[in-house]
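Topology and contacts: notes
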Amino acid sequence: MRIRATVAAVSAVTGALALTCLAVPAAQAADSGTPYTLDVSFSNFKIASSIKVGTSAVVSAKVSYTLTHGSDVDPTASDFYTDPFLYRGTFGADSTPELYGDNPATCTVTSATTATCTGTVDIHPADGDLSNANAGTWKGAAEAVDFNGQDPNSSNLDLSKVGYKDQGDLATTKVLRLGKLTANASPEPVRKGRTITVTGKLSRANWDTGSYSGYSGQYVKLQYRKAGTTTYTTVKTIKSSSTGGLSTTVTASADGYYRYSFAGSATTSAVNATGDYIDVQ
């Protein structure tokens, strides 16, 4: 993940916008003035209530928000940039983890002083964007920068003529470790009245190792769906082992499907195993 720098004047242009739109060396920026506070604010920040992240695939969460601006700000200008981001902890602190999009947001003017902006927060777990300690609730934020006709890559960039504004605490979402769940019912076929053993495993993404590991001590429901029906009903609830293993028995009654179902936790996504069909004779 990108950690926001807050050193002197460079702090105003060192978030995602600095990394995707700017190429200003820190020493140069520090010697060329301080950005002024841009006359913008952000509201109506909308993002999914939870974001499930595995170990390798890039996950893009769509975001929309309203940008309100002064009459001297043109959000459609080619040198105006804005983007949403997520943070966990204290807004603006040097050590606060943050997640950004790979590209600036796109804004559509809705009135003389407002625009609706859409963008993404793009999470790259394989690149170390997250650690296990980061699972849980994150807050939404947005930022904007206006170069006012200056070339952001110029060696003569005057930061005192650059406007910048960021704003936190716009919304909340949960960034969750992706859960996985399996189920296998045996023997098959089986005679009616005999014992069926249903095994499985509950695991979740381990962002520290880039693999999946067993999720221990979690309550998981064994569910059954009779052949020809569409609804699963809970048969019993069991607890995953120290390795995430699951095993229990039921009495064979009729052809149908058995699966395990995990409701999720504060750090891990809910998941249902694929139903395993059992032929009862």
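Anything mentioned here points back to the structure above.
Quick summary incoming for the structure in this document. (Residues numbered from 1 in each chain as written. Predicted model: local features only at pLDDT ≥ 70, side-chain atom pairs only at ≥ 80, totals over all residues. Heavy atoms only, no water.)

As for the state of the cysteines
- Evaluation of the coordinates by the stated rule reveals 1 disulfide.
- The disulfide bridge from Cys107 ends at Cys117, spanning 2.1 Å between sulfur atoms. Here the disulfide of Cys107 and Cys117 is right-handed, its torsion about the S-S bond being about 105°. Residue Cys107 is found in strand S7 (residues 106–109), and its partner Cys117 is found in strand S8 (residues 114–123); the two are separated by 10 residues along the sequence.
- For Cys117, a relative accessible area of 0% puts it in the buried group. (Disulfide = S-S within 2.5 Å. Helix = DSSP H or I, 4+ residues; strand = E, 2+ residues; numbered from the N terminus. Buried < 20%, exposed > 50% of the residue type's maximum accessible area, 1.4 Å probe, protein only.)

Considering the pattern of salt bridges
- Tallied over the entire structure, the rule returns 1 salt bridge.
- Here Lys139 makes a salt bridge to Asp169, at a shortest N to O gap of 3.6 Å. Separated by 30 residues along the polypeptide, Lys139 in strand S9 (residues 136–146) and Asp169 in strand S10 (residues 163–177) bring together distant segments of the chain.
- By relative accessible area, which is 32% here, Lys139 ends up partly exposed.
- Of the residues examined, Asp169 reaches a relative accessible area of 52% and is grouped as exposed. (Salt bridge = Lys/Arg side-chain N within 4 Å of Asp/Glu carboxyl O.)

Here we look at unusual backbone geometry
- In the segment running from Ser186 into Pro187, the intervening peptide bond is cis, with an omega of 0°.
- In this structure, Pro187 sits in the loop between strand S11 (179–186) and strand S12 (195–206).
- Geometrically, the link from Glu188 to Pro189 is a cis peptide bond, its omega value of 0° lying close to zero.
- Structurally, Pro189 is set in the loop between S11 and S12.
- Of note in this structure, Asn44 is not a glycine but carries a positive phi near 50°.

Focus on the packing of aromatic side chains
- Here the structure, examined in full by the defined rule, presents 9 aromatic pairs.
- Feature note: the residues Phe85, Tyr87, Phe91 and Tyr100 constitute an aromatic cluster, connected by ring pairs.
- Directly above the aromatic system of Tyr212 lies the positively charged group of Lys180, at a separation of 4.1 Å from the ring centroid.
- Here the basic side chain of Arg259 rests over the ring of Tyr232, its NZ or CZ set 3.9 Å away from the ring centre. (Phe/Tyr/Trp six-rings, centres within 6.5 Å; stacked < 30°, edge-to-face > 60°. Lys NZ or Arg CZ within 6 Å of the ring centre and 35° of its normal.)

Everything listed here is a matter of coordinates, which is why it stays silent on function.
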